[in-house]
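Chain by chain, the residues run as shown.
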Amino acid sequence: MDNTVSLQAANRVLVAEDNAVNQLVMKGLLGLLDLEHDIVPDGVSALEKFESEPAGT
Amino acid sequence: MDLHMPLLDGLDTARMIREREAAEGLRRVPIVAVTASEATTARDQAQESSMDGYLAKPVNREFLTRMIQSVLGAATAVQPRHTHSEARSDGSSLRMEELINIGGPEMAREALAVFATHSRELLIRLEDALERGDASAAVEASHSLKGSCLALGADETSRHAAGVEHRARKGDLTGLREALTMLESSLHDVQAAIAELTVV
């Protein structure tokens, strides 16, 4: 495992999670790691997000 | 990517993202499954749908950091990488300190409030599913409850939820009634503990 990879190389994280408690935890964790993120509640919204903003944009 | 979601589950979503990437020549985005399912099932499913790894719930800072570093360091990973939380030995205490560290007292309070409402709703759905003999609705509700319990560190209750889920998957409605009674009692204890809790 390469621990030298900077977390910031992940310029954006998309979280697909329907459980409200887990959404709060993920939001907190990604905030703690200073990672920009979006949280969507289902696969359809995740696909829409992926299509509107593909990786690298 | 949570694996159990309404409308379109995590496995199908991941497959569709991979198809889209291939069709349009897009860069392969790392996808990590986050699941309350058993490790072996999760690993197989993640691999099957071309995800890059999986994280077991509850997700913590250390495992999330390692997983993100891992998938970024291997954009063309073939084998899913696994990161698994250690089982907690103390099943009775909620992981309040950890939640406060993650998102501050406000988030911890909100998580407790959301859990209290959510768990009550899910119990009602479970009772209803049992009454109607709807095993798949019982699987959904118990799996969701298991995930919420894991997030708060209500490990004993999450094991009871897993017991209900297991029987619902087998279509064992008699066993389900028994398991649900134990789940209710365990959840009642957690809800009482939450009501007593002051997060500062």
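What counts and what doesn't
- Residues numbered from 1 in each chain as written.
- Chains lettered and ligands numbered in written order.
- Predicted model: local features only at pLDDT ≥ 70, side-chain atom pairs only at ≥ 80, totals over all residues.
- Heavy atoms only, no water.
- Helix = DSSP H or I, 4+ residues; strand = E, 2+ residues; numbered from the N terminus.
- Buried < 20%, exposed > 50% of the residue type's maximum accessible area, 1.4 Å probe, protein only.
- Polar contact = N/O pair within 3.5 Å; in protein donor to acceptor, adjacent residues only side chain to side chain.
- Contact = heavy atoms within 4.5 Å.
- Buried area = accessible area lost by both parts, 1.4 Å probe.
- Salt bridge = Lys/Arg side-chain N within 4 Å of Asp/Glu carboxyl O.
- Nonpolar A, V, L, I, M, F, W, Y, C, P; charged D, E, K, R; others polar.
- Expected span 1.5 Å × (residues − 1).
- Arc of directions from axis to C-beta.

## Some points on the side chain of H118 of chain B
(1) Moving on: By the secondary structure assignment, H118 of chain B is in helix α4 (residues 96–132).
(2) Moving on: Residue classification places H118 of chain B among the buried positions, given a relative accessible area of 15%.
(3) Moving on: Here S148 of chain B takes part through its side chain, which lies 2.9 Å from a polar atom of the side chain of H118 of chain B.
(4) Moving on: Excluding its chain neighbours within four sequence positions, the residues that come into contact with H118 of chain B are N19 of chain A together with S144 and S148 of chain B.

## Details of the environment of S144 of chain B
(1) Moving on: With respect to the element layout, S144 of chain B can be found in helix α5 (residues 135–152).
(2) Moving on: Expressed as a C-alpha distance, the spacing of S144 of chain B and S158 of chain B, which sit 14 residues apart in the sequence, is 9.9 Å.
(3) Moving on: Setting aside anything within four residues of it in sequence, one finds S144 of chain B in contact with N19 of chain A together with H118 and L122 of chain B.

## A word on unusual backbone geometry
(1) Moving on: In this model, K57 of chain B is joined to P58 of chain B through a cis peptide bond whose omega is 5°.
(2) Moving on: Relative to the helices and strands, P58 of chain B resides in the loop between β2 (53–56) and α3 (61–73).
(3) Moving on: In this model, D34 of chain A sits at a positive phi of 60°, which is unusual for a non-glycine residue.
(4) Moving on: By the secondary structure assignment, D34 of chain A is in the loop between α1 (20–32) and β2 (37–40).
(5) Moving on: Phi is positive for S50 of chain B, which is not a glycine, with a value near 60°.
(6) Moving on: Summarising the element assignment, S50 of chain B is placed in the loop between α2 (39–48) and β2.

## What to know about the interface of chain B and chain A
(1) Moving on: On the side of chain A, 35 residues touch chain B, which itself brings 42 residues to the contact.
(2) Moving on: Counting each side, the surface lost to burial between chain B and chain A is near 3300 Å², with a carbon and sulfur contribution of 74%.
(3) Moving on: Linking chain B with chain A are two salt bridges, by the criterion used here.
(4) Moving on: Across the pair E51 of chain A and R20 of chain B runs a salt bridge, and its minimum N-O distance is 2.4 Å.
(5) Moving on: Between chain B and chain A we count seven residue pairs in polar contact (both at pLDDT 80 or more) in total.
(6) Moving on: Mapped onto the side of chain B that touches chain A, the elements with two or more residues apiece are α1 (10–24), α3, α4 and α5 of chain B.
(7) Moving on: When the residues that make up the side of chain B that touches chain A are grouped by side-chain class, the tally is 21 nonpolar, 12 polar and nine charged.

## Side note on the pattern of salt bridges
A side chain of one charge can pair with a side chain of the opposite charge when the charged atoms of the two come close.
Residues and elements named next belong to chain B.
(1) Moving on: Per the stated rule, a full pass over the model turns up 15 salt bridges over all chains.
(2) Moving on: For K146, the salt bridge is made with E165, and the minimal N-O distance between the two is 2.9 Å. Of this pair, K146 sits in helix α5 while E165 sits in helix α6 (residues 155–170), and the two are 19 residues apart along the sequence.
(3) Moving on: The buried category is assigned to K146, whose relative accessible area is 9%.
(4) Moving on: Put simply, R18, E21, R28 and D52 are held in one network by salt bridges that share partners.

## So, the side chain of Q191 of chain B
(1) Moving on: For Q191 of chain B, the location among the structural elements is in helix α7 (residues 173–196).
(2) Moving on: A relative accessible area of 19% places Q191 of chain B in the buried class.

## Some words on α1 of chain B
(1) Moving on: End to end, α1 of chain B covers 21 Å across 15 residues, agreeing with the expected 21 Å (1.5 Å per residue, within 8%).
(2) Moving on: Within the sequence span of α1 of chain B, burial applies to G10, L11, T13, A14, I17, R18 and E21 of chain B. The buried side chains of α1 of chain B occupy one side of the element, clustering within an arc of 165° when seen end-on. Facing away from the buried side of α1 of chain B by more than 90 degrees, the exposed set consists of E19, A23 and E24 of chain B.
(3) Moving on: Next to the buried residues of α1 of chain B lie α2 (43–52) of chain A together with α2 of chain B.
(4) Moving on: The backbone nitrogen of L11 of chain B lies 3.1 Å from a side-chain oxygen of the residue at the head of α1 of chain B, namely D9 of chain B.
(5) Moving on: Remark: G25 of chain B follows α1 of chain B within two positions and exhibits a positive phi of approximately 65°.

Coordinates in, geometry out; function isn't part of it.
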